[in-house]
Protein chains: 2
Amino acid sequence: MVKGSVSREAWVTPDGEAATGRPVGPRGEARRRALLDAAARLFVTKGFEKTTLRDLVETAGGSRATIYELFGDKAGLFRAMMEESNRRVLDHLSDARSPLPASPDEALVRFALHFLRGILNDETRAVVRVLVAESGRIPDIAEEFWQSGPATTVRGVADYLRALADGGGLRIEDPEASAQAFISMVVGELFMKGLILPGRPVPDDEIERRVRYAVRLFLDGIRAPEAAGGGPASGRS
Amino acid sequence: MVKGSVSREAWVTPDGEAATGRPVGPRGEARRRALLDAAARLFVTKGFEKTTLRDLVETAGGSRATIYELFGDKAGLFRAMMEESNRRVLDHLSDARSPLPASPDEALVRFALHFLRGILNDETRAVVRVLVAESGRIPDIAEEFWQSGPATTVRGVADYLRALADGGGLRIEDPEASAQAFISMVVGELFMKGLILPGRPVPDDEIERRVRYAVRLFLDGIRAPEAAGGGPASGRS
DNA sequence: CTCGAACTGTACTGTACGTTACAGTACATA
DNA sequence: TATGTACTGTAACGTACAGTACAGTTCGAG
C-alpha cells in the first residue's frame, strides 16, 4: 500500500527521463506512431469522451499500459495528437504564403486558391472541429493554432499588401484590415458550413469562381482611381 | 422479475399518449421549463457527455424520473434544448433583416451593425459551439440552423442588393455572391475566433469601425463608375 | 373533501470506462 | 548467446453514469 502510494512521485525514470515523453526504445517509437495515428483518426471522428482507450489500442495495437508509459494518460495522448495535427495543418497553410509574382490580380488569385484548397480539406476541418469542441481542454494549443494559423496568414497578406501599396498604385490605408477582409471574402461561408454540416467536398471550379470574384471585388474597391485614364482593366475571358 | 421485464413495452401511457411529449399537467410545465433552462446552461458550457442527469436535476429541481417522462431520455432533453436555443438565436438574427432606409451606405451599415452585434453575443457563440461539437448527434437541427440562419441571412441581403441594382446605380452581377462576400467581410475572423478562443467580448467601437470599413470596401468595389463618362470598366454584361 | 393522476425522491442495477498492477514476452545490446 | 529492460496482455479495481422501479407526496378537478 505504501509502495503503491509513491508510484505517482516515482513517475520519472531514474535517469531523469519523464515518462510522459517520447518513447525510450525503438519499439516504443513505432507504437507511439501507431497510437498517434489511431488517435488522429478516432479522437477526431468520435470526440474525446466517446473515444475509449480500448478503441485506441484496438486500432493501434499494443496495450493500454503503453499509453500510460508513453503519454501519461488519455488527455496526454490527445494533447500530443493535437499538437501534431496542428502542426500538419499549419504546414498546409504556410505553403500558401508569400509568392509575389506578376500582377496583384495574379498574385492574389494564386494565394487565395492555394489557401482555400488548403483549408477546405477534410483534415483541416476535422482538426478545427475538435479544436472548437475541446478548446476548453487545450486552451494553449488552441491559442497557438490561432496565432500560428489565421493570425499569421493575415499578417502575411498584410505584408504583401503593404509592399504593394508603396509602388503598386493601390490605396491601402489599413493593411491588416484589408487583408482580413480579403481572406474573409475568399473563405466566405464555406469553412463554417463545413464545420456545422457534414460536408461533401467543394468542387474545384466553385473554388476558382469564388476566388476570382473575391479578387475582383477586392481590387476594384481598393485600386486607386488615379491610376491614369486607361484604368487597369483586369481583363479576363 | 417477469413483471419487470415487460416494463419496456409499457412505455406508453394507457390512453395512448407517448411519454416523450410535452408535459401533461401544469406542474410539469414549470418543471419542463426549468429543465430546459438548466440544459441550456449546462449542456452548452460543459458539453453533452460531461453533463450528467444529476447535474441537470440539481440545477432544475425535480427528479431524474421526470426527465424520462418529459423528454424520453438524455438525448431527448438535449435535442429539445437545442431546438429552442436554435430558435432564439435565429430570432436575434431575423431582427437584423430588411429595413431599407436612406442610402445604400446607411442601410448596409445599419444592417451590418445589427447583424454583427446579434451574432457576437455569448449565447450565439455557445449554441454554435455545441452545434459544431455535436453536429453528428443532431444533423437535422444543424441543417435547420444553417438553412434558417446563415442561408436565409445571405438571401435577405441578396434580395436587398437585387432591389438596389435595378435603380440604385450599383453593378451587381451575382447578388448571392455579393451578399455572401459582404457578410463575410463584416464578420471577418471574429466569429471563428470566438469559437476557438475563450473570448472577451468585442468592444463596440471595434464593431463599428469594422462595419464602416467593410461597407466602404464593398461599395467602392461595387458602385458603378458612371460619373466618369461611359462606365466601360464593368467587365461583363 | 375526495380521489386519482402527475410529479418527486431515493435506492438500485447493469455497464462502461480510466487507471493500475503484474506476470510474461520480445528485443536491442554487448 | 546471455541479460536486462522496454513493451504487451490480461485481469482487476473503483468510480461514475444512464436508466429503472417504486413508494411517497402534491395538486388540481369534480
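Residues numbered from 1 in each chain as written. Chains lettered and ligands numbered in written order. Predicted model: local features only at pLDDT ≥ 70, side-chain atom pairs only at ≥ 80, totals over all residues. Heavy atoms only, no water.

### Brief notes about the overall build of chain A
Phase 1: Scanning chain A from terminus to terminus reveals 11 helices and 0 strands.
Phase 2: The N-to-C order of helical and strand elements in chain A reads α-α-α-α-α-α-α-α-α-α-α.
Phase 3: Long-range contacts, defined as pairs at least 24 residues apart, comprise 70% of the intrachain contacts of chain A with a sequence gap of at least 6. (Helix = DSSP H or I, 4+ residues; strand = E, 2+ residues; numbered from the N terminus. Contact = heavy atoms within 4.5 Å.)

### Some thoughts on the packing of helix H6 (residues 104–119) of chain B against helix H9 (residues 175–187) of chain B
All names here are of chain B.
Phase 1: The geometry of H6 relative to H9 is characterised by a closest axis approach of 10 Å and an angle of 55° between their N-to-C directions. In terms of axis orientation, H6 runs oblique to H9. Crossing of H6 over H9 shows right-handed handedness. Of H9, the residues touching H6 (which contributes Leu 108, Phe 111, Ala 112, Phe 115, Leu 116 and Ile 119) are Phe 182, Ile 183, Val 186 and Val 187.
Phase 2: In terms of residue class, the contact of H6 with H9 is built from 10 nonpolar, no polar and no charged. (Axes fitted to C-alpha atoms, helices over the stretch in contact; angles between N-to-C directions. Parallel < 35°, antiparallel > 145°, perpendicular 65-115°, else oblique. Left-handed = near helix turned anticlockwise from the far one by under 90°. Nonpolar A, V, L, I, M, F, W, Y, C, P; charged D, E, K, R; others polar.)

### Some thoughts on the interface of chain B and chain A
Phase 1: Between chain B and chain A, the contact holds 37 residues from the first and 37 residues from the second.
Phase 2: At the boundary of chain B with chain A, total buried surface from both sides reaches about 3400 Å², with 68% on carbon and sulfur atoms.
Phase 3: Between chain B and chain A we count 6 residue pairs in polar contact (both at pLDDT 80 or more) in total.
Phase 4: Element by element, the count of residues in the side of chain B that touches chain A is highest for helix H11 (residues 204–222) of chain B, at 8 residues.
Phase 5: Counted by class, the side of chain B that touches chain A contains 17 nonpolar, 6 polar and 14 charged residues. (Buried area = accessible area lost by both parts, 1.4 Å probe. Polar contact = N/O pair within 3.5 Å; in protein donor to acceptor, adjacent residues only side chain to side chain.)

### A short note on the relation of the copies chain B and chain A
Phase 1: Of the transformation superimposing chain B on chain A, the axial component is 0.0 Å and the angular component is 180°, with the fit at an RMSD of 0.1 Å. The transformation just described matches what one would write down for a two-fold rotation axis. (Least-squares fit on C-alpha atoms with pLDDT ≥ 70 in both.)

### As for H6(B)
Phase 1: Helix length check: H6(B) (16 residues) gives 22 Å between terminal C-alpha atoms against 22 Å at 1.5 Å per residue, within 8%.
Phase 2: Looking only at H6(B), the buried set comprises Pro104(B), Ala107(B), Leu108(B), Val109(B), Phe111(B), Ala112(B), Leu113(B), Phe115(B), Leu116(B), Gly118(B) and Ile119(B). (Expected span 1.5 Å × (residues − 1). Buried < 20%, exposed > 50% of the residue type's maximum accessible area, 1.4 Å probe, protein only.)

### Structural notes on helix H3 (residues 53–60) of chain A
Phase 1: Among the residues of H3(A), Leu53(A), Asp55(A), Leu56(A), Val57(A) and Ala60(A) are the ones counted as buried.
Phase 2: Note on H3(A): the residue one or two positions beyond its end, Gly61(A), has a positive phi of about 80°.

### Overview of the environment of Ala142(B)
Phase 1: Examined against the element boundaries, Ala142(B) turns out to sit in helix H8 (residues 139–167).
Phase 2: Classification of Ala142(B) as buried rests on a relative accessible area of 0%.
Phase 3: Along the primary structure Ala142(B) and Leu131(B) are separated by 11 residues, whereas in three dimensions their C-alpha atoms are 6.3 Å apart.
Phase 4: Discounting residues that sit within four places of it in the chain, Ala142(B) has contacts with Ile196(A), Leu197(A), Leu131(B) and Ser135(B).

### Re the layout of surface pockets
Phase 1: Quantified by volume, the second largest pocket comes out at close to 1000 Å³.
Phase 2: Residue lining of the second largest pocket: 40 residues in total, with Val132(A), Ala133(A), Glu134(A), Ala133(B) and Glu134(B) positioned closest to the centre.
Phase 3: Of all elements in the fold, only helix H2 (26–46) and helix H7 (122–133) of chain A together with helix H2 (26–46) and helix H7 (122–133) of chain B reach the threshold of two or more residues within the lining of the second largest pocket.
Phase 4: In terms of residues, the lining of the second largest pocket owes the most to one element, H7(B), which gives 7 residues.
Phase 5: Its residues assigned to classes, the lining of the second largest pocket shows 16 nonpolar, 9 polar and 15 charged. (1 Å grid on protein atoms, 1.4 Å probe; cavity = no way out; pocket = protein on both sides within 12 Å on 5 of 7 lines; lining within 4 Å. Points joined across faces, edges and corners; volume = space filled by probe spheres on them.)

By themselves, these observations are geometric and do not establish any function.
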